[in-house]
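# Per-entry structural report
So the chains spell out like this:
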Amino acid sequence: MAITQMIGAHVQRREDPRLITGHGCYVDDIRLTGMLHMAVVRSPLAHARIRSIDVDEARRAPGVHAVYTAREFRTVLSGALPVAPAFVPEKRQVPEQFPIAETETVYQGEPVAVVLSDDRYLAEDAAQLVFVDYDPLPAVMDLERAMEPGTPTAHEGAPDNIAWDTEFPGGDIDSAMAESEVRLTLRITQQRVCPAPMEGRGCIAEFIPFDDRLTLWTSTQVPHFVRLFVSGCLGMPESQVRVISRDVGGGFGCKARPYPEEYLASAASKLAGRPVKWVETRSENLVATTHGRGQIYDVEVGARRDGTLLGLRVTQLLDAGAYVGVFGSFQTCALLVSGGCYPWKAVHGRTIGILTNRVSTDPYRGAGRPEATHLVERIVDLVAAELGIDPVEIRRKNFIQPGQFPYPNHFGLVYDSGEYERSLDLALGIAGYADLRRRQQELREQGRYLGIGVSTYVEICGMGPAAATAPLTGVALVESSMVRVHPTGSVTVSTGTHSHGQGHETTFAQLVADALGVPYQMVDIKHGDTGETPMGYGTYGSRSLPVGGLSILKSCRKVVEKARRLAAHLFEAAEEDVVFEDGGFHVKGSPDRVRSMAEIAFAAYGAGLPEGMEQGLEAVTYFDPPNFVWPFGCHICVVEVDAETGAVDLQRYVAVDDCGNVINPMIVEGQVHGGIAQGIGQALFEEVRYDDESGQLLTGSFLDCLVPTMAEVPRYELDRTVTPSPSNELGVKGVGEAGTIAASAAVINAVVDALSPFGIRHVEMPARPDRLWSLVREARA
């Protein structure tokens, strides 16, 4: 009998042999008979009226089947892209985003026409022949100028550029500030960054007219969401639309929404009567896929002279882009968790969403939580420096204590568990903090500048309870699963979550093997196809395990209970006397007479069942968690800054994370590795930049938009503490974003610490050599 103890095992990812040998199936691998290729003609200007579009020459080009503009798409598409409430249900204005521009373009890269051709290259060539007569308009680029009365607007005829202006009061902030003996202010910029998944976006739409059915293959994190919105815009019943998302080469949040091209390819297939394929180029990815961050924070902190933190007042200016992203205002959650690991007397937040002539911002790995951690961990270091307190000791002094959990923060969110000092101490021990400080002093005497950065964090994960997410985000974020045991004992699991690199096929199979007592190899995981999975809400916000995994576990429990009833019938015993352990059923006191899950499954499809029991052995669950989950940890970064060149040598990176119980340690470490790399990228290298006047993208390739490679990141020193979440039976918390949450603050705190002898108190991201060199030069002047 196969017995499994898979939880916590270092199991090799079952997906990898297929993927690393080139046998994955991404959108661009799919070829359909009669398929046309779509090229998108995009606006080269950030803001302009469209006087006219001449497509005659493009239509005459070799291989071209059709050229469509908004006029043709209006005949099959109705409505606009959705915008979720996402923490800001009362927005002042939400410009309507039809999938293709008709009379006005409002960001560089906005679609204005599409070309369908027999060949991708011919389509791209013909797209160059579409002539659009533009009348340029002023581009809105500066967030503060965009808020001034009478300033040009991102959309003609709009009253102003304010999409929302909302306050989140958390306690008596005026009283907390009045009580403070030290009050400091700091402006922190979260520059725009590009998610840059390895696989860009792409889709293939096939409309079958005689069946009135549409199949859409797309690279997405949320196939069910895409089906919901695209079918609605096409006026088709959801049941007639199938969205398939097989292998996905990363998303990092940018694929957690529908995009104009998914609507356009679907509509074009309906218009042309043939399958239509579109796969973006890397240039299109940088200019037309949503960006992350793009925020300015004005922060005021109040504290006592002994280092006790009292009040935090935060104003967030959020660059929404030309259209409010589908989940764009979700990034305001930064304010709700900006208190971090500390029990402030009051935290007050204000968010202003500002429309500009850039592509929309939307969630990017962490979505609000890296920003929150960055601001609070920077401000804590600022207070420590002002008061002459070691950065470690001010954190230790202010942490929420283990006995205070569950801990409600100022906005009604309840931290489920935490031992912040334990993770801090473990990280300090690995780093050798005391020795590092001694080494720092020795080097400073030699004119060298070593910096040590500490970042402690807590993040909200496991999106999320329906009662909380429905009013805040407009979606009741439960998660679904279907577990079916076949007659011979193998198992098929269908899940509403969708892996785009996280290793769900491995971890979920481990979970099921353990819960049902079947061999791991006999568990098949289905995801990413609306035709064979229950309605699900996709993968983002580190929710797949604490929500989707729990749904699977509960389905397994239902299966076991039915199997137990059937086993009792076969044993002619009372149900309460039947024991399920190690993958088999036996009667108490008779462990030698065992029937395996496979034997029970075979019986479940046969005759002679208990009265009232239906054939089959399967269960469906829609799981609504009682709370979010709250991973936490401590990261420490060590850098040396060359004061003559501004170059940063990232020497060590220590990360201690606590994501509760761990299903597969190797996959957890892989997630942390990737997250840290992205945090380092934002801290030191990456920035999406536009020309301040014209709105032209200046970082349109990876030559200018720098993504770190293996050469730029150190070997990580990882460890973890385990504080199980009390919110779910597995005690898990999620880890998909943890590395990103803490990393930028750890790196920047280290850089500032290195340059503190020059009196430098803050460094904006990215900490490029030229920026640091200029700061040092100004300080020396």
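Scroll up a little and you will see the structure.
How each quantity is defined
- Residues numbered from 1 in each chain as written.
- Predicted model: local features only at pLDDT ≥ 70, side-chain atom pairs only at ≥ 80, totals over all residues.
- Heavy atoms only, no water.
- Pairing = 2+ DSSP bridges.
- Helix = DSSP H or I, 4+ residues; strand = E, 2+ residues; numbered from the N terminus.
- Axes fitted to C-alpha atoms, helices over the stretch in contact; angles between N-to-C directions.
- Contact = heavy atoms within 4.5 Å.
- Phe/Tyr/Trp six-rings, centres within 6.5 Å; stacked < 30°, edge-to-face > 60°.
- Lys NZ or Arg CZ within 6 Å of the ring centre and 35° of its normal.
- Salt bridge = Lys/Arg side-chain N within 4 Å of Asp/Glu carboxyl O.
- Buried < 20%, exposed > 50% of the residue type's maximum accessible area, 1.4 Å probe, protein only.

## Comments concerning the sheet that holds strand E19 (residues 479–485)
For sheets, the rule is that strands pair by backbone hydrogen bonds, running either parallel or antiparallel. One open sheet holds the four strands; their spatial order is E21-E20-E19-E25, and the pairing between them is mixed. Unpaired on one side and paired on the other, strand E21 (523–526) and strand E25 (618–623) mark the two borders of the sheet. Between one strand axis and the next, the sheet turns through 15° on average, direction left out of account. Note that E19 and E25 share six bridges and pair antiparallel. Looking across to E25, one finds that Glu479 is bridged to Phe623. Relative to the sheet, helix H17 (residues 544–571) contacts E19, strand E20 (491–495) and E25, its axis offset from that of E25 by approximately 145°.

## A short note on the packing of aromatic side chains
Per the stated rule, a full pass over the model turns up 15 aromatic pairs. Measuring from centroid to centroid gives 5.7 Å for Phe405 and Tyr420, while their planes differ by 90°, and the two rings are edge-to-face. In this pair, Phe405 sits in the loop between helix H12 (391–398) and strand E16 (407–408) while Tyr420 sits in helix H13 (residues 420–431), placing the two residues 15 residues apart along the sequence. Taken together, Tyr342, Phe399, Phe405, Tyr420 and Phe632 form an aromatic cluster joined through their ring pairs. One cation-aromatic arrangement involves Arg14 over Tyr520; the distance from NZ or CZ to the ring centre is 4.4 Å. Looking at Arg201, its charged tip hangs above the ring of Tyr259, at a distance of 3.8 Å from the centre.

## Quick notes on the pattern of salt bridges
Two side chains bearing opposite charge may form a pair once their charged atoms approach each other closely. Going through the model one piece at a time under the given rule, you end up with 56 salt bridges. Where Arg369 meets Glu737, a salt bridge forms, and the shortest distance between an N and an O atom there is 2.9 Å. Taken as a pair, Arg369 in helix H11 (residues 369–387) and Glu737 in the loop between strand E28 (716–720) and helix H20 (738–755) lie far apart in primary sequence, 368 residues in all. When its relative accessible area of 2% is taken as the criterion, Arg369 is described as buried. We classify Glu737 as buried; its relative accessible area is 7%. When salt bridges with common partners are traced through the structure, they connect Arg42, Arg201, Glu261, Glu280 and Glu284 into a single cluster.

Any link to function would need more than the numbers given here.
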